[in-house]
Amino acid sequence: MKKYQILIASLLIVPFLTIGQQVGEMTMDMKEGEKIHKKRGYSPYAGRYFPTQVFWGDTHLHTSNSLDARAFGTVLGPEEAYRLARGEEITATHGEKVKLSRPLDWLVVADHSDGMGAMNEIIKGDPNLMSDATVKDWHQRINQGGNEALMATMDVINSFALGKIPEVLIDEDFAQTVWDRYIKTAEKYNEPGRFTTIIGYEWTSTEDGNNLHRNVLYRDNGDLARQMLPYTTTESFNPEDLWQWMEQYETKTKGNVLALAHNGNLSNGIMFPVEVNPATGKPLDENYMKDRIKWEPLYEITQIKGDGEAHPLLSPNDEFADYENWEKGNLNLSTAKTDDMLQYEYAREALKNGLKMEAKFGTNPYKFGVVGSTDSHTSLATAEEDNFFGKHSGNEPSAHRSKGIVGEFEGNKIFDWELVASGYAGVWATENTREAIFDAMARKEVYATTGPRILVRFFGGWDFESGDAKNRLPAEIGYSKGVPMGGDLYSAPKGKSPTFLVGALKDPYGGNLDRIQIVKGWLDKSGKTHEKVYDVVWSDMDQRKADKDGKIPDVGNTVDVANATWSNTIGRAELISVWKDPDFDPKQSAFYYARVIEIPTPRWTAYDAKRFGVEMPKESPMTTTERAYTSPIWYTP
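K.L.:
Which residues make up the overall build of the chain, and what are the values?
P.N.:
When its secondary structure is counted, the chain shows 15 helices and 26 strands. Along the first, second and third principal axes, the C-alpha atoms of the chain reach 75 × 60 × 50 Å. Entry remark: accessible area of the chain is about 24700 Å², with carbon and sulfur atoms responsible for 49%. Taken together, the 72 basic and 93 acidic charged side chains of the chain have centroids lying 6 Å from each other.

Here it is as structure tokens:
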């Protein structure tokens, strides 16, 4: 019975899966399971009902339809974004030819819902918009170019951030025209089985400069998506109101949507609240927790504005926690960062706090899976170090971006060299369609990378054994003996500890693999949370022995910074192992996720220095350790 409960819960793709529902909560009796898990024939590839392929994509790309993207000069729209993502060579805004190393499988063009498409019309001088004196002033100053254009652009952005938007720009007829045009383009490029365009937008709550942004993704085609305009911050800055809009959408259209937040590191301590609701100042209640996990099953853990997995002050024993963190302030740098904010900003801490909140309130609002995405504002979903086209058109490749500034407020600056060439989302789905990709996201069978297309499998169960890691089809065993990333384990069998089958293959274009780690977080009986990072398998295990503190020696570094290259003479192309939790307490709730670390490779700044013959600032990192983060597997007593 147990085998088939797990099998069906995790193998079968369930287009009827409700958002927020857990795979591990699904059950099916033995007879039903036997109907589906038929006896195998000779071919091990025939009759497989589980996801056998990762579909790579980006949930978060902006085009000229985004107010800020167009204001900073991006002229490419959704059409060019789709063409690049599916493998075509196009011309970037500043004239550089650009092509991805390999096509993506799917893309979400997620332009800001506030003023979507408006800047294109402001710059063109749309007669209807020019009837407003403020808009006409923006039009004239932006078209002057130079510093006047920059100042006008900042005026526009601040007006939207403060909710002081000219009425003419939020006219519903105008908004519907833009939304319809976007959907028409998405439908044009959606080719089920080859390339999927997932309809979406970004709700950009930035009250007082604090980032509470969410991307909203549709499972549906345009006929449903166009029935309601995207939700905007002119209506509310409160995420709970966005969730109400999502409820209304599903009720009206019978469709499905989900949301994912990003950049808790720029929220200044309000992305993952634990005690107080930042929007109301009142204690968090059960409705908040239930609605949050219902509508937000995913979190964008890494992207161009910083990596959000962990912070060294929160995880001082994690030698890889200090990775591309942005910690200077909120989104517009109007309020500087303080250490007490960090605990409410990073994914690992939220996962731990979620256990604590579940014990107290019965619901874990932070039981999310993870993806990486770009948040590029160039229409170019570029996340590879050697092919990085920046945050917006102002920091597309050039000799000047070695000294460029992304943002500044009262002396607090973010420089171009601090931008992160990250990331992509890997989705284990049965086919490349809107429905299959959305359903995989809903059940959290997804993971993040900082750019490389590392293949990662991660399963949890009670009966994995070392021989399972020698199977060349680990998914077959993984699904039959356990649950995949995003799943749940319940009620430990007497005397057993959870076991995990984890494996990774290097990106054929990328660096070898240094190691695979499993990150565990748990809640003890006193209500205190803990974390520990376990090295599970690593390259040259026969030579790299752990010291008395359990630390594995560094893998080494082959990067030739001057020539922006490296050699794969260290590390391994493939790592796989079975790991059993040595510290398991069946009475303690816990989560586990895998982190895959590459050997050091050149950072995008090294490629710029080589290609443009420039010297990067001494503060700029020139190497990076790319990585992948899986969605967790949770254990509940």
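From this point, the narrative continues.
K.L.:
Which residues make up the sheet that holds strand E21 (residues 574-580), and what are the values?
P.N.:
What holds strands together in a sheet is hydrogen bonding between their backbones, with the strands either parallel or antiparallel. Overall, antiparallel pairing links the 4 strands, which are arranged E16-E15-E18-E21 in an open sheet. Each edge of the open sheet is held by one strand with a lone partner, namely strand E16 (482-484) and E21. Taken over all neighbouring pairs, the strand axes of this sheet differ in orientation by 15 degrees on average, direction set aside. Sheet topology places strand E15 (residues 455-461) next to strand E18 (residues 499-505); 7 bridges connect them, and they run antiparallel. Bridged to Phe 459 within E18 is Leu 501.

K.L.:
If you had to explain helix H12 (residues 347-361) to someone new, which residues and values would you point to?
P.N.:
Every α-helix winds through 3.6 residues per turn, so residues three or four apart in the chain are directed the same way. Helix length check: H12, at 15 residues, gives a terminal C-alpha distance of 20 Å against a target of 21 Å (1.5 Å per residue), a fit within 8%. Considering only its buried residues, H12 is in contact with helix H11 (286-295), strand E8 (298-303), strand E19 (513-523), strand E20 (529-538), strand E22 (590-598) and strand E26 (633-636). Phi for Gly 362, located one or two positions after H12, is positive at around 90 degrees.

K.L.:
Before we move on, could you go through the pairing of strand E4 (residues 106-109) and cite the residues and values that matter?
P.N.:
Every second residue of E4 is oriented toward a common face, with Trp 106 and Val 108 on one face and Leu 107 and Val 109 on the other, all of them buried. Pairing of strand E1 (residues 53-61) with E4 involves 3 bridges; the strand directions are parallel. Bridge pairing in E4 places Gly 57 opposite Trp 106. Pairing of E4 with strand E5 (residues 196-203), which is carried by 4 bridges, proceeds in the parallel orientation. If you follow Val 108 over to E5, its bridge partner there is Ile 198.

K.L.:
Provide a residue-level description of the pairing of E18, including the pertinent values.
P.N.:
E18 sits mainly inside the fold: 6 of its 7 residues count as buried. As paired strands, E18 and E21 are joined by 7 bridges and run antiparallel to one another. When the sheet's bridge partners are listed, Val 502 is paired in E21 with Ser 577.

K.L.:
Break down the side chain of Thr 197 for me, citing the residues and quoting the values.
P.N.:
Note on placement: Thr 197 falls in strand E5. Those residues in contact with Thr 197, other than ones at most four positions away along the chain, are Tyr 82, Leu 107, Ala 186, Glu 187, Tyr 189, Asn 190 and Arg 434.

K.L.:
Tell me about the packing of helix H4 (residues 78-85) against helix H8 (residues 172-189), and name the residues and values.
P.N.:
H8 packs onto H4 with a crossing angle of 20 degrees between their chain directions and a minimal axis gap of 10 Å. When the axis of H4 is compared with that of H8, the two are roughly parallel. Relative to H8, the crossing made by H4 is right-handed. Residues Pro 78, Glu 79, Tyr 82 and Arg 83 of H4 pack against Tyr 182, Thr 185, Ala 186, Lys 188 and Tyr 189 of H8. Of the residues contributing to the contact of H4 with H8, the split by class is 5 nonpolar, 1 polar and 3 charged.

K.L.:
Describe the side chain of Glu 626, and please don't skip the residues or the numbers.
P.N.:
Relative to the assigned elements, Glu 626 resides in the loop between strand E24 (623-624) and strand E25 (627-630). Although Glu 626 is buried, it forms no salt bridge, and the closest oppositely charged side chain is Arg 627 at an N-O distance of 7.1 Å. A polar atom in the side chain of Glu 626 sits 2.6 Å from the side chain of Thr 450. In this view, Glu 626 contacts Tyr 323, Glu 385, Thr 450, Gly 451, Pro 452, Val 596, Ile 597, Glu 598 and Thr 601; residues no more than four positions away in its chain are not counted.

K.L.:
Describe unusual backbone geometry, naming the residues involved and giving the relevant values.
P.N.:
In this structure, Gly 423 follows Ser 422 across a cis peptide bond, with omega equal to -10 degrees. Tracing the backbone through its elements, the reader meets Gly 423 in the loop between strand E12 (412-415) and strand E13 (424-429). Despite not being glycine, Lys 444 has its phi angle at roughly 70 degrees, a positive value. Among the structural elements, Lys 444 can be located in the loop between helix H13 (434-442) and strand E14 (446-449).

K.L.:
So what's going on with the packing of helix H10 (residues 239-253) against H11? Which residues, and what values?
P.N.:
Following both chains from N to C, one finds H10 and H11 inclined at 60 degrees, their axes separated by 10 Å at the closest point. On the basis of their axis angle, the class for H10 and H11 is oblique. Helix-helix and strand crossings are classified by hand; for H10 and H11 the assignment is left-handed. Contact with H10, carried on its side by Glu 240, Trp 243, Met 246, Glu 247 and Glu 250, involves Tyr 288, Asp 291, Arg 292, Lys 294 and Trp 295 of H11 and no other residues of that element. Looking at the contact of H10 with H11 residue by residue, the classes come out as 4 nonpolar, no polar and 6 charged.

K.L.:
Describe helix H15 (residues 604-612), with residues and values.
P.N.:
Among the residues making up H15, those that are buried are Trp 604, Thr 605, Ala 606, Tyr 607, Asp 608 and Ala 609. Elements that come into contact with the buried residues of H15 comprise strand E23 (601-602). Gly 613 occupies a position one or two residues after H15 and carries a positive phi of about 65 degrees.

K.L.:
Talk me through the environment of Phe 388; I want residue IDs and the actual numbers.
P.N.:
On the secondary structure map, Phe 388 appears in the loop between strand E10 (369-372) and strand E11 (405-409). With a relative accessible area of 2%, Phe 388 lands in the buried category. Sequence-wise, Phe 388 and Ala 421 are 33 residues apart; in three dimensions their C-alpha atoms are separated by 6.1 Å. Look past the residues within four positions of Phe 388 in its chain and what remains in contact with it is Ile 304, Thr 382, Pro 397, Arg 401, Leu 419, Val 420, Ala 421 and Trp 604.

What counts and how
Residues numbered from 1 in each chain as written. Predicted model: local features only at pLDDT ≥ 70, side-chain atom pairs only at ≥ 80, totals over all residues. Heavy atoms only, no water. Helix = DSSP H or I, 4+ residues; strand = E, 2+ residues; numbered from the N terminus. Areas by Shrake-Rupley, 256 points an atom, 1.4 Å probe, with all protein chains shown as cover. Lys, Arg positive; Asp, Glu negative; His and termini not counted. Charge placed at Lys NZ, Arg CZ, Asp CG, Glu CD. Pairing = 2+ DSSP bridges. Axes fitted to C-alpha atoms, helices over the stretch in contact; angles between N-to-C directions. Expected span 1.5 Å × (residues − 1). Contact = heavy atoms within 4.5 Å. Buried < 20%, exposed > 50% of the residue type's maximum accessible area, 1.4 Å probe, protein only. Parallel < 35°, antiparallel > 145°, perpendicular 65-115°, else oblique. Left-handed = near helix turned anticlockwise from the far one by under 90°. Nonpolar A, V, L, I, M, F, W, Y, C, P; charged D, E, K, R; others polar. Salt bridge = Lys/Arg side-chain N within 4 Å of Asp/Glu carboxyl O. Polar contact = N/O pair within 3.5 Å; in protein donor to acceptor, adjacent residues only side chain to side chain.

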